[in-house]
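So you can see what is in the structure, the chains are spelled out below.
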Amino acid sequence: MGDGALSVWEKSSTARVVPPARPRKLSKVPFVELADGRLQGVVSSGSDIGRVYVSSVVAGTYAFACSTNNNRPCGGARGWFCNHIRALVDEAVVQYGAERVARYLKAEVTDGELDADAITTAMTRTRPAQGDNSAAAPVFSRFLRHLAYLELAPSTAPLPEMQWFPTTRAAA
């Protein structure tokens with residue numbers, strides 16, 4: 001059964017997957033996403049293997065937030081981007097490409113090459129405010145959900161929580 005047998009709805013109902021710009025190393029920043037009007041993700045602690053930070057930067061205003069997975073504030077994010085946020089921007093550029101990250105964050109890079117440092121510099125020039133940590137819980141929850149999928153054995157069988165999606169090529 002070729003593509004011609006699928007309805008317009010069935011052809012358009014699948015999510016488009018964008019391949020990463022370059023392969024990433026997941027040890028420092030295991031989760032990064034451009035979602036909810038923010039660059040957000042989970043960054044590993046450099047000093048404690050059991051601690052991670054949930055960091056985010058709001059598109060347009062560049063308001064930033066960084067806290068541990070148990071909602072304690074980051075000691076480095078005191079009026080400026082901490083190292084966790086800088087690592088998050090670096091990995092977002094690896095994952096999505098510098099142009100896409102700059103466009104999503106609405107960062108206007110005027111001089112030099114477009115890379116993670118240029119995007120970070122353009123954002124810090126605006127002297128962004130420190131935002132609230134309200135995004136931390138949903139971001140960390142999504143990260144844990146992604147980890148749970150990694151623990152599943154490879155299979156082509158449907159996942160129970162995805163059963164509400166209609167089957168493709170179902171006979172009417």
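Residues numbered from 1 in each chain as written. Predicted model: local features only at pLDDT ≥ 70, side-chain atom pairs only at ≥ 80, totals over all residues. Heavy atoms only, no water.

Caption draft 1: Region of interest: the overall build of the chain. Along the backbone of the chain there are 5 helices and 4 strands. The linear arrangement of helices and strands in the chain, starting from the amino end, is α-β-β-β-β-α-α-α-α. Evaluated residue by residue, the chain yields a buried proportion of 37% over its 172 residues. Long-range pairs, those at least 24 residues apart, make up 53% of the contacts in the chain with a sequence separation of at least 6. Here the chain has roughly 11100 Å² of accessible surface; of this, 54% comes from carbon and sulfur atoms. (Helix = DSSP H or I, 4+ residues; strand = E, 2+ residues; numbered from the N terminus. Buried < 20%, exposed > 50% of the residue type's maximum accessible area, 1.4 Å probe, protein only. Contact = heavy atoms within 4.5 Å. Areas by Shrake-Rupley, 256 points an atom, 1.4 Å probe, with all protein chains shown as cover.)

Caption draft 2: Inspection of the environment of His146 at higher detail. By the element assignment, His146 lies in helix α5 (residues 136–150). For the pair His146 and Phe31, spaced 115 residues apart in sequence, the C-alpha to C-alpha distance is 8.7 Å.

Caption draft 3: Expanded view of unusual backbone geometry. The backbone of Asn71 shows a phi angle near 70 degrees, a positive value even though the residue is not glycine. With respect to the helices and strands, the residue Asn71 is situated in the loop between β4 (64–68) and α2 (83–96). Phi angles above zero are rare outside glycine, and Lys106 is one such case at about 60 degrees. One can find Lys106 in the loop between α3 (98–105) and α4 (116–125).

Caption draft 4: Fine view of the pattern of salt bridges. According to the stated counting rule, one finds 4 salt bridges in the structure shown. Taking the shortest distance from any N to any O, the salt bridge between Asp36 and Arg142 comes out at 3.1 Å. Highlighted residues: Asp36 in the loop between β1 (31–35) and β2 (38–44) and Arg142 in helix α5, separated in sequence by 106 residues. The exposure class assigned to Arg142 is partly exposed, which follows from its relative accessible area of 28%. A network of salt bridges, in which partner residues are shared, links Glu33, Asp36, Arg38 and Arg142. (Salt bridge = Lys/Arg side-chain N within 4 Å of Asp/Glu carboxyl O.)

Caption draft 5: Region of the structure containing the sheet that holds β2. Spatial ordering of the open sheet is given by β1-β2-β3-β4, a layout of 4 strands whose pairing is antiparallel. The strands lining the two open edges of the sheet, one partner per strand, are β1 and β4. Each adjacent strand pair in this sheet contributes to an overall mean axis angle of 10 degrees, direction not counted. Helix-sheet contacts for α2 involve β1, β2, β3 (52–58) and β4, and the interaxial angle to β2 is about 110 degrees. (Pairing = 2+ DSSP bridges. Axes fitted to C-alpha atoms, helices over the stretch in contact; angles between N-to-C directions.)

Caption draft 6: Broad picture of the pairing of β2. Counting buried residues along β2, 7 of its 7 residues qualify, which places the element largely inside the surrounding structure. Linking β1 back to β2 in an antiparallel pair, the connection comprises 2 residues, with Asp36 at a positive phi of about 55 degrees.

Caption draft 7: Representation of the environment of Phe143. Its location among the elements puts Phe143 in helix α5. For Phe143 and Pro30, which are 113 residues apart along the polypeptide, the C-alpha to C-alpha distance reads 8.4 Å. Once residues within four sequence positions are removed from consideration, Phe143 is found in contact with Pro30, Phe31 and Val42.

Caption draft 8: Spatial organisation of the nonpolar core. Counting 29 residues, the largest nonpolar core has Leu39, Val57, Leu105, Ile119 and Met123 as its most contacted members. When residues of this core are traced back to their parent elements, those giving at least two are β1, β2, β3, β4, α2, α3 and α4. Take this core: its biggest share by element is 6 residues, from α2. Apart from residues no more than four positions distant in its own chain, Met123 is found in contact with Val57, Tyr62, Phe81, Val89, Leu105, Ala107 and Pro128. Grouped together as the second largest cluster of nonpolar side chains are 8 residues, Val54, Ala136, Phe140 and Phe143 included. (Core = buried A, V, L, I, M, F, W, Y, C linked by side-chain atoms within 4.5 Å.)

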